[in-house]
Amino acid sequence: MYTVYGDKISGNCYKIKLMLELLGLDYHWQDIDILKKETHSEDFLAMNANAKVPVLKLDDGRYLSESNAILAFLADNTDFLPQNSYQKAKVFEWLFFEQYSHEPYIAVARFIQTYLGLPEERRGEYESKKDGGYRALALMNQQLQQCDFLCGDTCSIADISLYAYTHVADEGGFDLTPYRAITTWFKRIEQLPNYCAMR
Ligand SMILES: N[C@@H](CCC(=O)N[C@@H](CS)C(=O)NCC(=O)O)C(=O)O
């Protein structure tokens, strides 16, 4: 059985929970409180020297970190990750987009607003996240006007990864109202068998 070391406020950790639930896999969830800096304990650093959740522990004792790498591992040989090299690479395009052009804006703005309470000393940083976040949302919206899911007509780990922080983007001050293709896509994901909410 898998063990997930994660914090329930984290979208990166929610990706793993949602994937495991959608696949119907058994797992144990071990809470790690990032606000209490529990990722910096000696025990945690032995699992992931980069001091970040999520971490997945395999039943043979090996560990995996980086949320999108964990998604790719769990989804291997399932309908959530195509076998065809080109189609698989298209899914990875979105995973890399998520880490470089989406999460650093939308997830960080959400953390500053919702979990740090928008302190004055971080307001400039928070405001600087707006343009990049809206650029990412516009690109996703454009893609979702053309197909039901990001890589075609079936849900892949690209959707799981990007759903995690997009569906709570309002908690970072992003107005999703104009992005109709995105909000319709939320409903499509939320209707998948075994879907589970973030909290
Ligand atoms: N690229 C990593 C990012 C992981 C990450 O930023 N984790 C945050 C929570 S969302 C964390 O553990 N922060 C604790 C810290 O940096 O002290 C992934 O996708 O897993």
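To be clear, the structure that these remarks concern was listed above.
The rules behind the values
Residues numbered from 1 in each chain as written. Predicted model: local features only at pLDDT ≥ 70, side-chain atom pairs only at ≥ 80, totals over all residues. Heavy atoms only, no water. Phe/Tyr/Trp six-rings, centres within 6.5 Å; stacked < 30°, edge-to-face > 60°. Helix = DSSP H or I, 4+ residues; strand = E, 2+ residues; numbered from the N terminus. 1 Å grid on protein atoms, 1.4 Å probe; cavity = no way out; pocket = protein on both sides within 12 Å on 5 of 7 lines; lining within 4 Å. Points joined across faces, edges and corners; volume = space filled by probe spheres on them. Nonpolar A, V, L, I, M, F, W, Y, C, P; charged D, E, K, R; others polar. Axes fitted to C-alpha atoms, helices over the stretch in contact; angles between N-to-C directions. Parallel < 35°, antiparallel > 145°, perpendicular 65-115°, else oblique. Left-handed = near helix turned anticlockwise from the far one by under 90°. Contact = heavy atoms within 4.5 Å. Expected span 1.5 Å × (residues − 1). Buried < 20%, exposed > 50% of the residue type's maximum accessible area, 1.4 Å probe, protein only.

Participant: Where do I start with the packing of aromatic side chains in this structure?
Facilitator: All told, the structure shown has 11 aromatic pairs when counted by the stated rule. Here the aromatic rings of Y134 and Y179 are separated by 6.3 Å at their centres, their planes lie at 20°, and the arrangement is stacked. Separated by 45 residues along the polypeptide, Y134 in helix α6 (residues 130-144) and Y179 in the loop between α7 (157-166) and α8 (180-190) bring together distant segments of the chain. Cluster of aromatic residues (ring-pair linked, three or more members): Y14, Y163, W185, F186 and Y195.

Participant: Even after reading the chapter, I still don't get the layout of surface pockets, so can you show me in this structure?
Facilitator: Regions of empty space are outlined by a rolling probe, equal in size to a water molecule, passed over the atoms. What the largest pocket holds in volume is close to 760 Å³. Taken together, 27 residues form the lining of the largest pocket, with N12, I34, K52, V53 and E103 sitting closest to its centre. The element contributing the most residues to the lining of the largest pocket is helix α4 (residues 85-115), with seven residues. Partitioning the lining of the largest pocket into residue classes produces 12 nonpolar, nine polar and six charged. Each pocket or cavity is described by its volume, and for the second largest pocket that value is around 170 Å³. Forming the boundary of the second largest pocket are D79, P82, Q87, K90, V91, C151, G152, D153, T154 and S156. Across the lining of the second largest pocket, the residue classes break down as three nonpolar, four polar and three charged.

Participant: Explanation requested: the packing of helix α1 (residues 11-23) against α7 in the structure shown.
Facilitator: Helix-helix packing is described using two parameters, namely the angle between the two axes and the distance between the axes. Direction vectors running N to C along α1 and α7 enclose 135°, while the axes themselves pass 8 Å from each other. Relative to α7, α1 is oriented oblique. The way α1 lies across α7 gives a crossing that is right-handed. Contacts between α1 and α7 involve G11, N12, Y14, K15, L18, M19 and L22 from the first element and I157, I160, S161, Y163, A164 and Y165 from the second.

Participant: Mind showing me how you'd approach empty space enclosed by the protein here?
Facilitator: Summed over all chains, the structure comprises one cavity of 30 Å³ or more. Considered as a void within the structure, the largest cavity measures approximately 40 Å³ in volume. At three residues, α1 tops the list of elements feeding residues into the lining of the largest cavity. Within the lining of the largest cavity, the residues separate by chemical class into four nonpolar, one polar and three charged.

Participant: Whenever I open this one, the side chain of N68 confuses me. Can you help?
Facilitator: In this structure, N68 sits in helix α3 (residues 67-75). With sequence-adjacent residues up to four places away left out, N68 is seen in contact with K15, L95, E98, Q99 and S161.

Participant: What is the right way to read α6 from this model?
Facilitator: Every α-helical turn comprises 3.6 residues, leaving residues that sit three or four positions apart pointing alike. Helix length check: α6 (15 residues) gives 21 Å between terminal C-alpha atoms against 21 Å at 1.5 Å per residue, within 8%. Listing the buried residues of α6 in full gives K130, G132, G133, A136, L137, M140, N141 and L144. As for α6, its buried residues are in contact with α4, α5 (123-128), α7 and α8.

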